[in-house]
Amino acid sequence: MVRLLWAALALLVCGCQTPSGFVSSGNFSAPATANAVSGFETDAERILRVGNRVMQAAEAHCANAKPDPAPIDRGSCRFPIAIADSSAAFASSNTERVRVSTGFVRFVMSDAELAFVIAHETGHILRNHSVSVSSERRQEQELEADRIGVVLLARAGYDPRAAASLLQRMTNSGLFAQSDPSHPALAYRTRVLRDAMNRTEPAAVE
Ligand SMILES: [Zn+2]
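Residues numbered from 1 in each chain as written. Predicted model: local features only at pLDDT ≥ 70, side-chain atom pairs only at ≥ 80, totals over all residues.

Regarding the packing of helix α5 (residues 135–155) against helix α7 (residues 186–199)
Helix-helix packing is characterised by the crossing angle of the two axes and by the distance between the axes. To be explicit about the condition: Whenever a helix is involved, its axis is fitted only over the stretch in contact; in every case the axis is a line through C-alpha atoms, and angles between N-to-C directions fall within 0 to 180 degrees. Put simply, DSSP H or I for four residues or longer makes a helix, DSSP E for two residues or longer makes a strand, and each gets a number counted from the N terminus. The labels follow the angle: roughly parallel below 35 degrees, roughly antiparallel above 145, roughly perpendicular from 65 to 115, and oblique for the rest. The handedness criterion is simple: a crossing whose near helix is rotated anticlockwise from the far helix by less than a right angle is left-handed, and one whose near helix is rotated clockwise is right-handed. Two residues qualify as being in contact provided that their C-beta atoms, derived from the backbone, are within 7 Å of each other. Charged residues are taken to be Asp, Glu, Lys and Arg, nonpolar residues to be Ala, Val, Leu, Ile, Met, Phe, Trp, Tyr, Cys and Pro, and polar residues to be all remaining types, Gly included.
Where α5 contacts α7, the two axes come as close as 10 Å, and the packing angle between them is 45 degrees. In terms of their interaxial angle, α5 and α7 are classed as oblique. Considering the relative orientation of α5 and α7, their crossing is right-handed. Contacts between α5 and α7 pair Glu 142, Leu 143, Asp 146, Arg 147 and Val 150 from the former with Arg 189, Val 192, Leu 193 and Ala 196 from the latter. The residue inventory of the contact of α5 with α7, partitioned by class, reads five nonpolar, no polar and four charged.

Given below as structure tokens:
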């Protein structure tokens, strides 16, 4: 039943790609379907552990930065994370939750890179981004989510340089679409982030 519900929600959300099936969701509890070998962290558990730190940072960021970028009409800046059990690497968000695939855990090189994936999607929610806007605006939204993602990354205690290194590897991998008119090219996003970080110390990127 829960799976069906999530499958239905998946059709409604506005992400970059369509996941093949959710296995878990909710408020940072480890998924029941996690196939853990005792003593080892599953991919899903890793997403939730890292995601929890990002969400704590998001909450603190909202508390310290009202009214902007605190979302309008939202009591909390802490959002549930849904985990898609898929070997493909994808992440997305709708207005109230972040989704990450277990395949992304295998693509990232560090917790900091995984944190940036989650922080970028959280940035979309914090700014009330929408897919119902022009392609030009959607491109701006991507850059804005990157910028907020770096702030949250630093606030969560991760090395913010992981953001650019992840985008660079996504570019080089060829695994991610480069021609979607709603998304700026990954290489461009990498350059924008690197430029911003060269100009400013991470703690002051806000
Ligand atoms: Zn995005």
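Now that the structure is up, let's keep going.
Observations regarding the nonpolar core
Test applied: Linking buried Ala, Val, Leu, Ile, Met, Phe, Trp, Tyr and Cys residues through C-beta atoms within 7 Å yields a set, and such a set is a nonpolar core. The burial label depends on the number of other C-beta atoms within 10 Å of a residue's C-beta. Counts of 20 or more mean buried, 12 or fewer mean exposed, and intermediate counts mean partly exposed, with C-beta atoms placed from the backbone.
Core analysis: the largest hydrophobic core is formed by 48 residues, its most contacted members being Val 54, Ala 115, Ile 118 and Leu 153. Mapped onto this core, the elements with two or more residues apiece are α2 (43–64), β2 (81–84), β4 (98–101), α3 (102–107), α4 (111–126), α5, α6 (161–173) and α7. Element by element, the count of residues in this core is highest for α4, at nine residues. Apart from residues no more than four positions distant in its own chain, Ala 115 is found in contact with Val 50, Arg 53, Val 54, Leu 153, Ala 156 and Tyr 158.

Concerning the pairing of β4
Rules: Whether two strands pair depends on DSSP finding at least two bridges between them.
A two-sided burial pattern is seen for β4, the buried positions comprising Val 98 and Val 100 on one face and Arg 99 and Ser 101 on the other. Examined bridge by bridge, β2 and β4 share four bridges and lie parallel to one another. Looking at the pairing, Ala 84 lines up with Ser 101 of β4. Two strands pair when backbone bridges link them, and strand β3 (residues 91–93) and β4 are joined in this way by three bridges, in the antiparallel orientation. Note on β4: the bridge partner recorded for Ser 92 is Arg 99. The hairpin formed by β3 and β4 contains four residues between the paired strands.

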